[in-house]
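Structural features, examined
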Amino acid sequence: MDTGTTPRTRLAQGLVPLTGFAFLTAALDVFAGNQLQAHDPATVAAISFTLAAVFFLGGDLIRRGPAAALRPLRDNRYDVIMINVTTAVTWLSMLYALKFLEPAIVNVVGLALGPLLTVLVSPVLRPGTKVLRTEVVISLLIGVMIAMLVWGSFTGRSAVGERSTADTAIGIALTLLTGLGSVTNVIYSKRLSEADLKPQSVLAVRFFLMLAVTWTLVALNEHPGVRTAFLPSLLIAVVGVAVPLYLLQVGIKHTEPITASILLTLSPLFAFFLQLPDQRLTPSISTFAGVVGIVALVAISTVARTKHDARVAARTSTVSSS
């Protein structure tokens, strides 16, 4: 619970883990974008998420016992189902999109779409939440930036250069699906956090559908390449799944979904610079311009949210003392 802390303090507590998540997500996109040219995305996902699930669910079973660890399946069944669905949608669409598009564009469109979608769905999924007018405007401007990056991908101005229209369209569609899954995932994570579930407990019950889908895909693949994909999948499990998802859940606990979605859009800036050494990619001016524009909008929105939360806290303090 966040009782006894001010909105400014909660934002500060969420800032570091969310920034850490943004950096590690960028590193994952660049690394996975390279590895997925040689390995099947479903195989990589199956191994990575199995290792992550064993770590989180196994740890929770040992620490709290089966009855307590699996209680969310009974007490928070709907939210657990939805976080499983959104986790599977987000990660599978992202991993397959990386086979078609530049990592920075997958990262920026998938995550930057978050603020725009949060403005639309947050009042429905979490009634009573308030989205600032500034956040609405900035979310729309981010949408314009996303459209520019999509145009750059279709016209060969991204770092991957010319690709077929079909491949680009598939990559963009999967990336948009990643964005939709990401924002709804953040909201359901927040709902579970507000139900007094600790980050470890949420992570223990969010991978069941992902494992079922990915291992089914592996079983249907005649050449899944499980052995050759194990080492890169192990690295992805630790650096790309377990650690960043824990940081994300901690950050969500201390911030509103719109704030989390906006902070996460810092990830594309990290992705752009991390992908520069990749021999497959050529630096793209249009991608860089889009990324910098989005990061600038992120900074403006974060400042606006901080000032708003401070004013709310000051009014609440005045009312309480009178």
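Note that the coordinates shown come from a computational prediction; the quantities given were computed from them, not determined experimentally.

**Let's talk about the environment of I81**
- As for its placement among the helices and strands, I81 is situated in helix α5 (residues 77–97).
- Here the alpha-carbon distance between I81 and V205, two residues 124 residues apart in the chain, equals 9.1 Å.

**Describing the pattern of salt bridges**
- Scanning all chains against the criterion turns up four salt bridges.
- With a closest N to O distance of 3.1 Å, D75 and R74 form a salt bridge.
- Taking the shortest distance from any N to any O, the salt bridge between R191 and D79 comes out at 2.9 Å. Remark: D79 occurs in helix α5 and R191 occurs in helix α8 (residues 165–194); sequence separation between them is 112 residues.
- Relative accessible area serves as the criterion here: at 23%, R191 is assigned to the partly exposed category.
- Looking at D79, the relative accessible area reads 10%, which means it is buried.

**Focus on the side chain of S201**
- Position of S201 among the secondary structure elements: in helix α9 (residues 199–204).
- Residue classification places S201 among the buried residues on the basis of a relative accessible area of 2%.
- Within the structure, the side chain of S201 is placed 3.2 Å from the side chain of R64, a separation counted as a polar contact.
- Once residues within four sequence positions are removed from consideration, S201 is found in contact with D60, R63 and R64.

**Some remarks on the nonpolar core**
- Within the largest apolar cluster, 44 residues are counted, with the highest numbers of intra-cluster contacts made by F49, W91, F207, V241 and L245.
- Judged by nonpolar contacts, the second largest core, of nine residues, contains L57, L192, L197 and V202.

**Details of the environment of L211**
- Along the chain, the position of L211 falls in helix α10 (residues 208–220).
- Linking L211 and A88, residues 123 residues apart in sequence, is a C-alpha distance of 8.5 Å.
- Apart from the residues within four sequence positions on either side, L211 is in contact with A46, F49, T50 and A53.

**Some thoughts on a nonpolar patch on the surface**
- A contiguous nonpolar surface patch, about 570 Å² in accessible area, is contributed by F230, L231, L234, L235, V238, V239 and V243.
- Mapped onto the elements, L235 comes out in helix α11 (residues 226–253).
- For L235, a relative accessible area of 42% corresponds to the partly exposed category.

**Notes on the packing of aromatic side chains**
- Applying the stated criterion to the full structure yields four aromatic pairs.
- With centroids separated by 5.4 Å and ring planes inclined at 65 degrees, the aromatic side chains of F49 and F207 adopt a geometry described as edge-to-face. You can see F49 sitting in helix α2 (residues 41–64) and its partner F207 sitting in the loop between α9 and α10, a full 158 residues away along the chain. For the residue pair F49 and F207, the accessibility class agrees, reading buried in each case.
- Taking the centre distance of 6.0 Å and the plane angle of 70 degrees together, the rings of Y78 and Y188 count as edge-to-face. Taken together, the positions of Y78 in helix α5 and Y188 in helix α8 put the pair 110 residues apart, joining distant regions of the chain.
- These aromatic residues form a ring-pair network of at least three members: F49, W91 and F207.

**With respect to the packing of α2 against α10**
- Two elements in contact, α2 and α10, have axes separated by 9 Å at closest approach and are oriented at 145 degrees. Handedness of the crossing formed by α2 with α10: left-handed. Where α2 abuts α10, its residues A42, T43, A45, A46, I47, F49, T50, A53 and L57 lie against F208, M210, L211, T214, W215, L217 and V218.
- Among the residues forming the contact of α2 with α10, the class breakdown is 13 nonpolar, three polar and no charged.

Cut-offs and rules
- Residues numbered from 1 in each chain as written.
- Predicted model: local features only at pLDDT ≥ 70, side-chain atom pairs only at ≥ 80, totals over all residues.
- Heavy atoms only, no water.
- Helix = DSSP H or I, 4+ residues; strand = E, 2+ residues; numbered from the N terminus.
- Salt bridge = Lys/Arg side-chain N within 4 Å of Asp/Glu carboxyl O.
- Buried < 20%, exposed > 50% of the residue type's maximum accessible area, 1.4 Å probe, protein only.
- Polar contact = N/O pair within 3.5 Å; in protein donor to acceptor, adjacent residues only side chain to side chain.
- Contact = heavy atoms within 4.5 Å.
- Core = buried A, V, L, I, M, F, W, Y, C linked by side-chain atoms within 4.5 Å.
- Patch = residues over 30% accessible without salt bridge, like charges linked within 9 Å, V, L, I, M, F, W, Y side chains within 5 Å.
- Areas by Shrake-Rupley, 256 points an atom, 1.4 Å probe, with all protein chains shown as cover.
- Phe/Tyr/Trp six-rings, centres within 6.5 Å; stacked < 30°, edge-to-face > 60°.
- Axes fitted to C-alpha atoms, helices over the stretch in contact; angles between N-to-C directions.
- Left-handed = near helix turned anticlockwise from the far one by under 90°.
- Nonpolar A, V, L, I, M, F, W, Y, C, P; charged D, E, K, R; others polar.

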